[in-house]
Amino acid sequence: LLIGNDQRKHTTTTPVLPHSNEMLLVRIDPNKPWISMMSIPRELEVALQTPNGPVTTRLNAALIYGGIPLLLSTIKQLTGLSINHVVEIDFNQFKTAVDDIGCVYTTVDRRYYHVNTAYSEQYQAINLQPGYQKLCGTQALQFVSYRHGDTSLVRDARDQDFLLDVKNEYGPSLSDIGNIHKF
C-alpha cells in the first residue's frame, strides 16, 4: 500500500491533520513491463472502528483516528485483501525521492496554474505548461497533488501515470537492491 500523507502546514490557517491523501495498492514485479495498481478513493464513506466506537467518515480520516493499523484493517474489511507492505510518504519525502532518482520525464496533459493572492482561494501554487517534460521534486509534487477542478478519478489516473513513467524510465535500475529501498 502506497500512502500519500498530506500532513503539512496550511497555507493560511492551522496545520492540516494527517490524512491518507492518496492510497494505491501497488504490485511491482521487476520482471514485468507494468505495475499493477488500484486506487482506493479517499472520499469513500466508511465506518471506522475507533477506540471510542464506530465513526462514519471518509476513509482518508483513518490516519487521524487510528493510524496505519486502522487504515489497513479498514481496507482489508472493504476489499478482502491483505497488505504485505506499507510505504507512507509525505510531500517532502516525495520531492526528495523524485530528485534523488534524477527527476522524471512525464506528459503534462494541460495547463496547470494557480497563484495564491489575498483574494484567491489558498491552494498549492502551480505553474506548468502542457507537454512532455522533465519534472523534479517540487514541480512533480505540484503535478501529482493538483486537485482543484479535477475529480479524484482524474487525479488518481494522473498519479498512476506518473508512477508508470517512473517505472518506464528507471525500472531496471530501481530493481537493484540498493536503489529500490532508497526510492
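The sections below set out a description of the structure shown in this document. (Residues numbered from 1 in each chain as written. Predicted model: local features only at pLDDT ≥ 70, side-chain atom pairs only at ≥ 80, totals over all residues. Heavy atoms only, no water.)

## Regarding the state of the cysteines
- If you walk through the whole model with that rule in mind, you get one disulfide.
- Each disulfide pairs two cysteine sulfurs, and for Cys103 the partner residue is Cys136, the sulfurs being separated by 1.9 Å. Disulfide Cys103 to Cys136: torsion about the S-S bond roughly 100°, handedness right-handed. Of this pair, Cys103 sits in the loop between α2 (91-100) and β7 (104-108) while Cys136 sits in the loop between β10 (131-135) and α3 (137-145), and the two are 33 residues apart along the sequence.
- Note on Cys136: relative accessible area 28%, which makes it partly exposed. (Disulfide = S-S within 2.5 Å. Helix = DSSP H or I, 4+ residues; strand = E, 2+ residues; numbered from the N terminus. Buried < 20%, exposed > 50% of the residue type's maximum accessible area, 1.4 Å probe, protein only.)

## With respect to the pattern of salt bridges
- A full pass over the atoms with the stated rule returns four salt bridges.
- Close ionic contact of Glu43 with Arg42 constitutes a salt bridge, the shortest N to O distance being 3.5 Å.
- Given the relative accessible area of 8%, Arg42 is considered buried.
- When the shortest N-O distance is used, the salt bridge between Asp150 and Arg158 registers 2.8 Å. The same class applies to Asp150 and to Arg158, which are both buried.
- When salt bridges that share partners are traced, they join Asp109, Arg110, Asp150 and Arg158 into one network. (Salt bridge = Lys/Arg side-chain N within 4 Å of Asp/Glu carboxyl O.)

## Observations concerning the packing of aromatic side chains
- Applying the stated criterion across every chain, the model contains four aromatic pairs.
- Note on Tyr105 and Tyr132: the rings are 5.7 Å apart at their centroids and 20° apart in plane angle, and the pair reads as stacked. Taken as a pair, Tyr105 in strand β7 and Tyr132 in strand β10 lie far apart in primary sequence, 27 residues in all.
- Across from the ring centre of Phe143, 5.8 Å away, lies the NZ or CZ of Arg158, which sits over that ring. (Phe/Tyr/Trp six-rings, centres within 6.5 Å; stacked < 30°, edge-to-face > 60°. Lys NZ or Arg CZ within 6 Å of the ring centre and 35° of its normal.)

## Describing the side chain of Thr74
- The residue Thr74 is located in helix α1 (residues 62-79) in this model.
- Of the polar contacts made by the side chain of Thr74, one reaches the backbone oxygen of Leu70; its length is 2.7 Å.
- For Thr74, the residues in contact, after removing those within four places along its chain, are Val46, Leu48 and Leu59. (Polar contact = N/O pair within 3.5 Å; in protein donor to acceptor, adjacent residues only side chain to side chain. Contact = heavy atoms within 4.5 Å.)

## Here's the deal with the pairing of strand β5 (residues 53-58)
- Direction of pairing for strand β4 (residues 45-50) relative to β5: antiparallel, over a ladder of six bridges. Opposite Glu45, over in β5, you have Arg58 as the bridge partner.
- Between β4 and β5, which pair antiparallel one after the other, the connecting turn spans two residues. (Pairing = 2+ DSSP bridges.)

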